[in-house]
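Residues per chain, in single letters:
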Amino acid sequence: MIRYALQCDEGHGFEGWFSSSEDYESQEARGLVECPECGSVAVTRAVMAPAVRTSRSRETSTNGEPDMEAVARKVRAHIRKNYDYVGPDFASEARAIHEGEKPERLIYGETTPEERAKLAEDGVPCAPLPEPFAPTPPKKAN
């Protein structure tokens, strides 16, 4: 896993985790890397300082680097346990919760880049999850 410091054309800084530099470049070319604050897809890699390890690091691989697969598994499990999956209705559900039309709760689902940009423009808090951290949709009951 590679961690990039990213910055949008509005100057907002954020981080993104990618399985490889090619994965970042592919997602960036398809407009899938976007600013969690404003929804802009005009994103570039920012200058990064090297990571400094401390004795507080808990998740490590055999080479001493953070084991991002283990961290990603924990994040996915946390989301599945604590958030409601709303599927492709994410934008309308998030807006309804934000406007007080539905009870406040934690949700996750899918949305288009255009819907995410409109949510950001309207002040509805949401952020895309980087691919390794996004849980798969729950299986439908038969």
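Before reading further, recall that the structure is shown in the block above.
Reading the values: the criteria
- Residues numbered from 1 in each chain as written.
- Predicted model: local features only at pLDDT ≥ 70, side-chain atom pairs only at ≥ 80, totals over all residues.
- Heavy atoms only, no water.
- Pairing = 2+ DSSP bridges.
- Helix = DSSP H or I, 4+ residues; strand = E, 2+ residues; numbered from the N terminus.
- Axes fitted to C-alpha atoms, helices over the stretch in contact; angles between N-to-C directions.
- Salt bridge = Lys/Arg side-chain N within 4 Å of Asp/Glu carboxyl O.
- Buried < 20%, exposed > 50% of the residue type's maximum accessible area, 1.4 Å probe, protein only.
- Contact = heavy atoms within 4.5 Å.
- Right-handed = clockwise from strand over helix to strand, strands pointing away.

Novice: Quick question: what am I supposed to make of the sheet that holds strand E3 (residues 43–45) here?
Specialist: The strands making up a sheet associate through hydrogen bonds between their backbones, and the pairing can be parallel or antiparallel. A sheet is described by the order of its strands in space; here 3 strands give the open sequence E2-E1-E3, paired in antiparallel fashion. Every other strand in the sheet has two partners, leaving strand E2 (13–18) and E3 as the edge strands with one partner each. Taken over all neighbouring pairs, the strand axes of this sheet differ in orientation by 40 degrees on average, direction set aside.

Novice: Is there a simple way to think about the pattern of salt bridges in this case?
Specialist: If charged atoms from side chains of opposite charge come close, those side chains can pair. In total, this model carries 9 salt bridges according to the counting rule given. In this structure, the salt-bridge partner of Arg45 is Glu25, at a minimum N-O distance of 3.5 Å. Within this pair, whereas Arg45 is found in strand E3, its partner Glu25 is found in helix H1 (residues 21–29), the two being separated by 20 residues in sequence. For Arg45, a relative accessible area of 38% corresponds to the partly exposed category. You can call Glu25 partly exposed: its relative accessible area is 40%. Across the salt bridge formed by Glu93 and Arg105, the nearest N and O atoms sit 3.0 Å from each other. Note that Glu93 is positioned in helix H3 (residues 90–98) and Arg105 in the loop between H3 and strand E5 (107–109), a separation of 12 residues in sequence. Three or more residues are tied together by salt bridges with common partners; here these are Asp84, Glu93, Lys102 and Arg105.

Novice: What's the story with H3 in this structure? I'm lost.
Specialist: Because an α-helix completes one turn every 3.6 residues, residues spaced three or four positions apart along the sequence face the same direction. Within the sequence span of H3, burial applies to Phe90, Ala91, Glu93, Ala94, Ala96 and Ile97. Tucked into the core, H3 has its buried residues touching strand E4 (84–87), E5 and helix H4 (113–121). Residue Gly100 follows H3 closely and has a positive phi angle near 80 degrees.

Novice: Any chance you could explain the pairing of E2 here in plain terms?
Specialist: Direction of pairing for strand E1 (residues 2–8) relative to E2: antiparallel, over a ladder of 6 bridges. When the bridges of E2 are listed, Ala5 appears paired with Glu15. Hairpin remark: E1 followed by E2, antiparallel, with 4 residues in the connecting loop; positive phi at Gly11, about 90 degrees.

Novice: Any chance you could explain the pairing of E4 here in plain terms?
Specialist: Regular strands place side chains that alternate from one sheet face to the opposite one. Pairing of E4 with E5, which is carried by 3 bridges, proceeds in the parallel orientation. Each residue of the ladder has a partner; that of Gly87, found in E5, is Gly109. You can see the chain leave E4, run along H3 and come back into E5, and the turn it takes is right-handed.

Novice: I would appreciate a short explanation of the environment of Ile79 in the present structure.
Specialist: By secondary structure assignment, the location of Ile79 is in helix H2 (residues 68–82). In the structure, Ile79 is positioned 56 residues away from Pro135 in sequence and 7.2 Å away in space, judged by C-alpha atoms. Not counting chain neighbours up to four residues away, the residues in contact with Ile79 comprise Tyr108, Leu129, Phe133 and Pro135.

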